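# Fold and contact review
One letter stands for each residue in the lines below.
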Amino acid sequence: MTPVLDIEYYTDPLCCWSWALAPAGRRLRYEFGDQISWRYRLGGMIADWSGFSDPLNGVDSAAQMGPYWYQMRVEHQVLVDERIWAEDPPASSYPASVACKAAERQGPEQGERYLRRVREAVTLERRNVARREVLLELAAELADAGGLDREQFERDLGTEAVLWSFRDDVKEARYRGIGRFPSLVVHPARGPSRLLVGFRPYEVLREQVVQLAPGIASVRTAGCIGAYVRYWGRVLVPEVAAAFDMKSGEAKQALDQAAASGTLVRGGGAGREWYEKPAPCDCSEEAPPAQIRAAV
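Quantities reported herein were computed from a predicted structural model and do not represent experimental measurements.

## Observations concerning the pattern of salt bridges
In a structure, side chains of opposite charge can pair up when their charged atoms sit close to one another. Evaluation of the coordinates by the stated rule reveals 31 salt bridges. Between Glu120 and Arg234 there is a salt bridge, with the nearest N and O atoms lying 3.2 Å from each other. Of the two residues, Glu120 sits in helix H5 (residues 108–124) while Arg234 sits in strand S5 (residues 234–236), which places them 114 residues apart along the sequence. Its salt-bridge partner being Glu172, residue Arg176 comes within 3.9 Å of it at the nearest N-O pair. What emerges from the salt-bridge pattern is a single network uniting Arg26, Arg116, Arg117, Glu120, Glu125, Arg127, Glu137, Glu141, Arg234, Glu239 and Glu276.

Okay, structure coming up:
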């Protein structure tokens, strides 16, 4: 299927608002499928702390990032663990960005999988993704799961080709005047592109898609949790809550019930559980929301 919209997603591995956008972004992409192409660009948020300043949020140092993440977790229900900024704060977002571009050399899917794993590691597991050894450990985890070639990743990690790929993303961000993340540049088949700066809930993203691509139609709806998890491979509670218009407690209860029945596999620690690898289920991806609990 030829995409009717191309979306360039400017982001950064340490951007908590990009992490907050994941539930809405996943729901949107699930709904419209291959009608939307989705390309990541790493914008280079923190070269080092001496040159970083975010006056809008009052963050100028790694020590100030912790309270900011805490505020996000409490006020906006974003799933983050702010203790990373007190225990072992990343000195830069550039090493993780370059690593994502190294993974992308093996294909856009591998690049996206690696970026996702980096985000999980820093936001949920308090792992310092500015450290080379951590980046290699994450690549090894994905290699063990199948898909990513660990040896190729390590070879590519320090090459000029990968560094220039990252520099090109940063250059494009600056050319477009993008200094805040997440930012989406939406390119319709006809007409001018549109820049969306900052976090947007699902309803706003969907409205923008429909405006820029009149006639675009849903190819699937989130009706079965098992099918949704199988599509993405691994999900978190907020992602299911966003996809099925559920409260977080309801989503967690449904996911835990599915895990208890063997439909899903649960992992992770308390408060940051993930769910993955469901066995094939009898429900249809088009099942209406009323069947959610029965389906799992």
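Still to come is the rest of the account.
## A closer look at the pairing of strand S2 (residues 36–42)
Taken across its 7 residues, S2 has 5 buried, putting it largely inside the fold. Pairing geometry for strand S1 (residues 5–11) and S2, over 7 bridges, is parallel. Each residue of the ladder has a partner; that of Leu5, found in S2, is Ile36. Handedness of the S1-helix H1 (residues 16–32)-S2 crossover: right-handed.

## A closer look at the environment of Lys247
Positionally, Lys247 belongs in the loop between helix H11 (237–243) and helix H12 (248–261). By relative accessible area, Lys247 is classed as exposed at 64%. In the structure, Lys247 is positioned 10 residues away from Val237 in sequence and 9.6 Å away in space, judged by C-alpha atoms.

## Concerning helix H2 (residues 62–76)
The first and last C-alpha atoms of H2 sit 21 Å apart over 15 residues, in line with the 21 Å expected at 1.5 Å per residue. Turning to H2, its buried residues number three or more, namely Ala62, Met65, Gly66, Tyr68, Trp69 and Met72. Buried-residue contacts for H2 involve H1, helix H3 (84–87) and H5. In the segment just after H2, Gln77 is the residue with positive phi, at about 60°.

## Details of the environment of Arg27
When you line up the elements, Arg27 lands in helix H1. With sequence-adjacent residues up to four places away left out, Arg27 is seen in contact with Tyr202, Tyr228, Ala242, Ala243 and Asp245.

## Examining the sheet that holds S1
In sheet architecture, strand pairing relies on hydrogen bonds along the backbone and comes in two forms, parallel and antiparallel. Across the sheet, 4 strands lie side by side as S2-S1-S3-S4; this open sheet has mixed pairing. Edge strands, defined here as strands with exactly one partner in the open sheet, are S2 and strand S4 (194–197). Mean inter-strand twist for the sheet, computed between neighbouring axes without regard to direction, equals 20°. As paired strands, strand S3 (residues 183–188) and S4 are joined by 4 bridges and run antiparallel to one another. Across the sheet, residue Val186 finds its bridge partner in S4, namely Arg194. Sitting on the sheet, helix H8 (residues 160–175) is in contact with S1 and S2, with an inclination near 100° to S2.

## Digging into the packing of helix H4 (residues 94–104) against helix H7 (residues 150–157)
For the pair H4 and H7, interaxial distance at closest approach is 9 Å and the crossing angle is 130°. Between H4 and H7, the interaxial angle falls into the category oblique. The way H4 lies across H7 gives a crossing that is right-handed. Residues Val98, Ala99, Ala102 and Ala103 of H4 form the contact with H7, whose participating residues are Phe153, Asp156 and Leu157. For the contact of H4 with H7, the class distribution of residues is 6 nonpolar, no polar and 1 charged.

## Some remarks on the packing of aromatic side chains
Tallied over the full model, the rule gives 12 aromatic pairs. Pairing Tyr114 with Phe153 gives two aromatic rings, centres 5.0 Å apart and planes at 40°, and the pair type is tilted. Here Tyr114, found in helix H5, pairs with Phe153, found in helix H7; they are 39 residues apart in sequence, far enough to count as distant. Overall, the relative accessible area of 0% leaves Tyr114 in the buried class. Relative accessible area serves as the criterion here: at 0%, Phe153 is assigned to the buried category. A network of ring pairs unites the aromatic residues Tyr30, Tyr228, Tyr231, Trp232 and Phe244 as a single cluster. One residue, Arg27, lies across the ring of Tyr202, its end atom 3.9 Å from the ring centre.

Cut-offs applied
Residues numbered from 1 in each chain as written. Predicted model: local features only at pLDDT ≥ 70, side-chain atom pairs only at ≥ 80, totals over all residues. Heavy atoms only, no water. Salt bridge = Lys/Arg side-chain N within 4 Å of Asp/Glu carboxyl O. Helix = DSSP H or I, 4+ residues; strand = E, 2+ residues; numbered from the N terminus. Buried < 20%, exposed > 50% of the residue type's maximum accessible area, 1.4 Å probe, protein only. Pairing = 2+ DSSP bridges. Right-handed = clockwise from strand over helix to strand, strands pointing away. Expected span 1.5 Å × (residues − 1). Contact = heavy atoms within 4.5 Å. Axes fitted to C-alpha atoms, helices over the stretch in contact; angles between N-to-C directions. Parallel < 35°, antiparallel > 145°, perpendicular 65-115°, else oblique. Left-handed = near helix turned anticlockwise from the far one by under 90°. Nonpolar A, V, L, I, M, F, W, Y, C, P; charged D, E, K, R; others polar. Phe/Tyr/Trp six-rings, centres within 6.5 Å; stacked < 30°, edge-to-face > 60°. Lys NZ or Arg CZ within 6 Å of the ring centre and 35° of its normal.

This is a description of form; function is not addressed.
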